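# Chains, contacts and geometry: an overview
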Amino acid sequence: SQTIHQWPATLVQPVGSPLSLECTVEGTSNPNLYWYRQAAGRGLQLLFYSIGIDQISSEVPQNLSASRPQDRQFILSSKKLLLSDSGFYLCAWRGRGVYYGYTFGSGTRLTVV
Amino acid sequence: RKEVEQDPGPFNVPEGATVAFNCTYSNSASQSFFWYRQDCRKEPKLLMSVYSSGNEDGRFTAQLNRASQYISLLIRDSKLSDSATYLCVVNRIDDMRFGAGTRLTVKP
């Protein structure tokens, strides 16, 4: 069966520090991969999605970037965090085809201080 | 206009009540639709896919009206454990768009 792993679960980082969040998927190949952010009490905002290795689409231009160095690995990064980067970051995967739903990782709660 | 819009809520209902959530979408080319459930401080989890003919899963019934571009979720005989935020999700070619969610609280 397919599983998705996301870590760390919680992170407290100072303003201006770098960020690296990692997500891996097991049990499937060539998945669509996604990074979402959810601010406190708000809806889900799509940040990046990838349909293949090194193929990244950005929805929101900001100080975040994403990379997909391997088929089932998706990384979210920042060189310098802002206070506004605080939130709940969720990685998700979806199979090919429009009738698949998302499966989310357990999320990373990031607090920038 | 947002691509996916949901009832703002919150909904506060007693145990055993029937509650309905509505959701509208703007992209007529959307092909698949889902309801997700999100508990506080947790990731969203798939509750139901929504099929064109409507579908039922126990106490939950989902309906799709393509002509009016809306989706509904009906919960019968509400349980305390149904308390959560319900997210309407509409599929695009490479990604999915989420509504802001409707919070449901079921009270004893």
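For the structure given in this document, a descriptive report is provided here. Just so we're clear, the structure is a prediction, and the values are computed from it rather than from any experiment.

Definitions and cut-offs
- Per chain, the residues get numbers from 1 upward, laid out in the order the sequence is written.
- Chains and ligands are labelled sequentially in the order written, the chains with letters from A and the ligands with numbers from 1.
- Local features in this predicted model are restricted to residues of pLDDT 70 or higher, and side-chain atom pairs are both shown and tallied only at a pLDDT of 80 or more, whereas totals for entire chains, interfaces and linings draw on every residue.
- Hydrogens and water are ignored here; the side-chain numbers use all heavy atoms of the structure.
- Going along the chain from the N terminus, every DSSP run of H or I of four or more residues is numbered as a helix, and every run of E of two or more is numbered as a strand.
- We compute the radius of gyration over the C-alpha atoms and compare it with the globule rule, which gives 2.2 Å times the number of residues raised to the power 0.38.
- Think of it in three bands: with a 1.4 Å probe and only protein chains considered, a residue is buried below 20% of the maximum accessible area for its type, exposed above 50%, and partly exposed in between.
- Note on contacts: a residue pair qualifies if any of its non-hydrogen atoms lie within 4.5 Å across the two residues.
- Accessible surface area values rest on a Shrake-Rupley calculation with a 1.4 Å probe, where residue burial reflects the displayed protein chains alone.
- The sign given to each residue is positive for Lys and Arg and negative for Asp and Glu; His and the chain ends receive no count.
- Charged groups are reduced to one reference atom each: NZ for lysine, CZ for arginine, CG for aspartic acid, CD for glutamic acid.
- Here a strand pair is declared whenever DSSP counts at least two bridges between the two strands.
- Angles here are taken between N-to-C directions and fall from 0 to 180 degrees, while the axes themselves are lines fitted to C-alpha atoms, restricted in helices to the stretch in contact.
- A pair of aromatic rings is counted whenever rings of Phe, Tyr or Trp (Trp by its six-membered ring) have centres within 6.5 Å, and the orientation is called stacked for planes under 30 degrees apart, edge-to-face for over 60 and tilted otherwise.
- Note on disulfides: each one is a pair of cysteine sulfur atoms within 2.5 Å.

Our focus in this paragraph is the overall build of chain A. For chain A, the count of helices and strands is zero helices and 11 strands. Mapped in sequence order, the helices and strands of chain A form the string β-β-β-β-β-β-β-β-β-β-β. Compactness check: chain A gives a C-alpha radius of gyration of 13 Å against a globular reference of 13 Å for 113 residues, within 12% of the reference. Overall size of chain A, expressed as C-alpha extent along the three principal axes, is 40 × 25 × 20 Å. Taking all 113 residues of chain A together, 49% fall into the buried category. The contacts in chain A between residues at least 6 apart in sequence include a share of 55% that link residues at least 24 apart. On chain A, roughly 5300 Å² of surface is accessible, and the fraction owed to carbon and sulfur atoms is 53%. Charged side chains in chain A number 9 positive and 6 negative. The centres of these two groups are separated by 6 Å.

The next point concerns the sheet that holds strand β3 (residues 19-25) of chain B. Residue and element names in this part refer to chain B. Pairing is antiparallel across the open sheet formed by five strands, whose spatial order is β1-β3-β8-β7-β6. Two strands in the sheet have a free side with no partner beyond their single neighbour: β1 (4-6) and β6 (55-57). Within the sheet, the average angular offset between the axes of one strand and its neighbour, ignoring direction, is 15°. The sheet contact formed by β3 and strand β8 (residues 70-75) spans six bridges and is antiparallel. Residue pairing in the sheet places Asn22 in a bridge with Ser72 of β8.

Tallied over the entire structure, the rule returns 14 aromatic pairs over all chains. Taking the centre distance of 5.7 Å and the plane angle of 75° together, the rings of Tyr102 of chain A and Phe104 of chain A count as edge-to-face. Both residues of the pair, Tyr102 of chain A and Phe104 of chain A, belong to the buried class. Through successive ring pairs, a cluster of aromatic residues spans Tyr34, Tyr36, Tyr49, Tyr102 and Phe104 of chain A together with Tyr36 and Phe98 of chain B.

Within a regular strand, side chains alternate between the sheet's two faces. Relative to strand β8 (residues 73-78) of chain A, strand β7 (residues 64-70) of chain A is paired through five bridges, and the arrangement is antiparallel. Bridge pairing in β8 of chain A places Gln70 of chain A opposite Gln73 of chain A.

Right, let's talk about the state of the cysteines for a bit. Defined simply, a disulfide is a covalent bond joining two cysteines at their sulfur atoms. With the rule as written, the count across this model stands at two disulfides over all chains. Between Cys23 of chain A and Cys91 of chain A runs a disulfide, and the two sulfur atoms are separated by 2.0 Å. Between Cys23 of chain A and Cys91 of chain A, the disulfide has an S-S torsion of -75° and is therefore left-handed. Of this pair, Cys23 of chain A sits in strand β3 (residues 19-26) while Cys91 of chain A sits in strand β9 (residues 87-94), and the two are 68 residues apart along the sequence. Judged by its relative accessible area of 1%, Cys23 of chain A is buried. Overall, Cys91 of chain A belongs to the buried group, its relative accessible area being 0%. Two residues, Cys23 of chain B and Cys88 of chain B, share a disulfide whose sulfurs are 1.9 Å apart.

Now for the sheet that holds strand β1 (residues 3-7) of chain A. All names here are of chain A. Read across the open sheet, the four strands follow the order β1-β3-β8-β7; overall the sheet is antiparallel. The open sheet has two edge strands, β1 and β7, and neither has a second partner. Within the sheet, the average angular offset between the axes of one strand and its neighbour, ignoring direction, is 15°. As defined by bridge partners, β3 adjoins β8 across six bridges and the pair is classed as antiparallel. Paired with Thr24 across the strands is Gln73, a residue of β8.

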